[in-house]
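Listed here are the chains, written in short residue letters.
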2 protein chains.
Amino acid sequence: MRITYKGDYAINTILDLAVHYNKSLVTIHELARRSDMPIKFLEQVLLELKRGGFVKSKRGKVGGYFLAKHPAQIKLGDVIRFIDGPIEPIACVEKRYSGCNIIERCVLRKIWQEINLATSNVVDNVTFEDLLNQINVQKETAVYQI
Amino acid sequence: MRITYKGDYAINTILDLAVHYNKSLVTIHELARRSDMPIKFLEQVLLELKRGGFVKSKRGKVGGYFLAKHPAQIKLGDVIRFIDGPIEPIACVEKRYSGCNIIERCVLRKIWQEINLATSNVVDNVTFEDLLNQINVQKETAVYQI
DNA sequence: TGTATACTCTACTAATATGATAGACATTAT
DNA sequence: ATAATGTCTATCATATTAGTAGAGTATACA
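Residues numbered from 1 in each chain as written. Chains lettered and ligands numbered in written order. Predicted model: local features only at pLDDT ≥ 70, side-chain atom pairs only at ≥ 80, totals over all residues. Heavy atoms only, no water.

Asks: So what exactly am I meant to see when it comes to the overall build of chain A here?
Replies: On a plain count of helices and strands, chain A comes out with six helices and two strands. Sequence-ordered secondary structure for chain A, helices as α and strands as β, is α-α-α-β-β-α-α-α. The principal-axis extents of the C-alpha atoms in chain A amount to approximately 60 × 40 × 25 Å. Looking at chain A residue by residue over its 146 residues, the buried ones come to 40%. Total accessible area on chain A is roughly 8400 Å²; 52% of this is exposed by carbon and sulfur atoms. When the 21 basic and 16 acidic side-chain charges of chain A are each reduced to a single mean position, those positions are 7 Å apart. (Helix = DSSP H or I, 4+ residues; strand = E, 2+ residues; numbered from the N terminus. Buried < 20%, exposed > 50% of the residue type's maximum accessible area, 1.4 Å probe, protein only. Areas by Shrake-Rupley, 256 points an atom, 1.4 Å probe, with all protein chains shown as cover. Lys, Arg positive; Asp, Glu negative; His and termini not counted. Charge placed at Lys NZ, Arg CZ, Asp CG, Glu CD.)

Printed below as a string of structure tokens:
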């Protein structure tokens, strides 16, 4: 798995929307400014995230984007898979693969599966609520330090 | 990390050479046939592996390729990094990265580090001798099954 | 009802990576 | 000599990535 710019933008966008969940809509302009993303590129990422059911939008003046679900309902892995494709390090361990006839015996396949499991285990056990909480902990710590 | 065809070819080639370690040279032709790789592409992969110090060669009639080191001295991760690039899932957790100024606080960075560690932990703890041994175990098992 | 603000949609483009292929050349055993 | 083998450089087609351009649609509000 390799996270592309698009994936990174998508994740940061959803995290930003998670921060404002149930509080306010966020415009593309704000998102782009806060995370330093090219606005026209971000537009497309947002449309894709919308098609994926991650975000919703309100058009017109005072419009903007907001999360389609509670941050706890969105796993990091969901976003990565949707935007950047499979977590698997190689095609032969992906779900629908059928090209290799020594699959049972292949010693490498076991390694790739191990990596796949280890990676999935991380990204599928982190929700955007978890990320939010960590951000809040950091903020509090910062306050105490002053 | 995503394994490309080139990476896959390289790994299978080294595994093949490991099987013949200290026994015989292996020609490009044999390697290509056994692992079903385009011979002209494999040529280039082999030259790259040679530059990387993984394999050596003997030219002319009865020439061929052989491993430059003992299979136990070659980690899977070495080959992957050399051929397919960084194990890290995103640039900001790579060694020489310096582009991000919130590195200390970034909650995502912790996730990427976790994935990096989990993945490295697999590929850096598997040598080609390990793979060889597993192949041999499978062969024995197969014999018993007959 | 006009207009500013915001999201929507399609098309296009430049750069790079990937997966090859082609062909001339160099080396070595016999 | 010659057949078998590795070496090297160039070229190519396709896909992916990252981004840009511009016209269109919806909405709040004066």
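Asks: What should I look at first to understand the relation of the copies chain B and chain A in this one?
Replies: Each of the two chain copies goes to the other by way of a rotation about an axis and a shift along it. Mapping chain B onto chain A is achieved by rotating through 180° and translating by 0.0 Å along the same axis, at an RMSD of 0.0 Å. A rotation of that kind, with that shift, is consistent with a two-fold axis. When C-alpha distances to the rotation axis are compared across chain B, the minimum falls at Met1 of chain B, with a value of 2.4 Å. (Least-squares fit on C-alpha atoms with pLDDT ≥ 70 in both.)

Asks: Looking at this structure, how should I read the pattern of salt bridges?
Replies: Residues and elements named next belong to chain A. Tallied over the entire structure, the rule returns 10 salt bridges over all chains. Residue Asp16 is joined to Arg34 by a salt bridge in which the shortest nitrogen-to-oxygen separation is 2.8 Å. With a gap of 18 residues between them, Asp16 in helix H1 (residues 5-19) and Arg34 in helix H2 (residues 28-35) connect regions that are remote in the sequence. A relative accessible area of 8% places Asp16 in the buried class. (Salt bridge = Lys/Arg side-chain N within 4 Å of Asp/Glu carboxyl O.)

Asks: Help me out: how do you make sense of the protein's contact with DNA strand C in this one?
Replies: Taken together, 29 residues sit near DNA strand C, with Lys50, Ser57 and Tyr65 of chain A together with Lys40 and Gln44 of chain B positioned nearest. Atoms of DNA strand C within 4 Å of the protein belong to the sugar or the phosphate in 64% of instances, the rest to bases. Contact between DNA strand C and Tyr5 of chain B: a phosphate oxygen at 3.4 Å from a main-chain N or O atom of the residue. Within the side chain of Gln44 of chain B, an N or O atom sits 2.3 Å from a base oxygen of DNA strand C. Only helix H3 (39-51), strand E1 (55-58) and strand E2 (64-67) of chain A together with helix H1 (5-19) and helix H3 (39-51) of chain B provide two or more residues apiece to the surface near DNA strand C. Grouping the constituent residues of the surface near DNA strand C by class yields nine nonpolar, nine polar and 11 charged. (Near = heavy atom within 4 Å. Polar contact = N/O pair within 3.5 Å; in protein donor to acceptor, adjacent residues only side chain to side chain. Nonpolar A, V, L, I, M, F, W, Y, C, P; charged D, E, K, R; others polar.)

Asks: Is there a simple way to think about the pairing of E2 of chain A in this case?
Replies: Residues in a regular strand project their side chains so that they alternate between the two faces of the sheet. Residues and elements named next belong to chain A. Where E1 and E2 come together, four bridges link them in antiparallel fashion. Counted as the bridge partner of Val55 is Leu67 from E2. Linking E1 back to E2 in an antiparallel pair, the connection comprises five residues, with Gly60 at a positive phi of about 75°. (Pairing = 2+ DSSP bridges.)

Asks: What is the right way to look at the interface of chain B and chain A in this model?
Replies: Reports of interface size often rely on the accessible area that becomes lost once the parts have come together. Across the contact, 32 residues belong to chain B and 32 residues belong to chain A. When chain B packs against chain A, close to 2700 Å² is buried across both sides, 68% of that on carbon and sulfur atoms. The largest per-residue losses of area from chain B upon contact with chain A belong to Arg2, Val107 and Leu108 of chain B, which jointly make up 23% of the total buried on that side. Between Arg2 of chain A and Glu94 of chain B there is a salt bridge whose closest N-O contact spans 2.7 Å. For the pair chain B and chain A, the interface holds seven residue pairs in polar contact (both at pLDDT 80 or more). Looking at the side of chain B that touches chain A, the elements with two or more residues in it are H1, helix H4 (76-84), helix H5 (107-123) and helix H6 (128-145) of chain B. With 11 residues, H5 of chain B is the largest single contributor of residues to the side of chain B that touches chain A. Within the side of chain B that touches chain A, the residues separate by chemical class into 21 nonpolar, four polar and seven charged. (Contact = heavy atoms within 4.5 Å. Buried area = accessible area lost by both parts, 1.4 Å probe.)

Asks: Please clarify how the packing of helix H5 (residues 107-123) of chain A against H1 of chain B should be interpreted in this entry.
Replies: Between two packed helices, both the angle of their axes relative to each other and the distance between the axes serve to describe the pair. Look at H5 of chain A against H1 of chain B: their axes get within 12 Å of each other, and the N-to-C directions meet at 135°. Judged on the interaxial angle alone, H1 of chain B and H5 of chain A are oblique. Viewed along their axes, H5 of chain A and H1 of chain B form a crossing whose handedness is right-handed. Residues Val107, Leu108 and Trp112 of chain A of H5 of chain A form the contact with H1 of chain B, whose participating residues are Ile11, Asn12 and Leu15 of chain B. Taken together, the residues of the contact of H5 of chain A with H1 of chain B sort by class into five nonpolar, one polar and no charged. (Axes fitted to C-alpha atoms, helices over the stretch in contact; angles between N-to-C directions. Parallel < 35°, antiparallel > 145°, perpendicular 65-115°, else oblique. Left-handed = near helix turned anticlockwise from the far one by under 90°.)

Asks: Help me out: how do you make sense of the packing of aromatic side chains in this one?
Replies: To describe a pair of aromatic rings, one takes the distance between the centres and the angle between the planes. Residue and element names in this part refer to chain A. All told, the structure shown has six aromatic pairs over all chains when counted by the stated rule. Judged by centre distance (5.6 Å) and plane angle (80°), the ring pair of Tyr9 and Phe41 falls under edge-to-face. On the criterion of sequence distance, the pair formed by Tyr9 in helix H1 and Phe41 in helix H3 is long-range, its members being 32 residues apart. By relative accessible area, which is 34% here, Phe41 ends up partly exposed. (Phe/Tyr/Trp six-rings, centres within 6.5 Å; stacked < 30°, edge-to-face > 60°.)

Asks: How do you make sense of the protein's contact with DNA strand D when you look at a structure like this?
Replies: Neighbouring DNA strand D are 29 residues, the closest being Lys40, Gln44 and Arg59 of chain A together with Lys50 and Tyr65 of chain B. Among the atoms of DNA strand D close to the protein, meaning within 4 Å, 60% are from sugar or phosphate groups. Contact between DNA strand D and Lys40 of chain A: a base oxygen at 2.5 Å from a side-chain N or O atom of the residue. Ser57 of chain B is positioned with one of its side-chain polar atoms (N or O) 2.8 Å from a phosphate oxygen of DNA strand D. Of the residues in the surface near DNA strand D, the class split is nine nonpolar, nine polar and 11 charged.

By themselves these figures say nothing about function.
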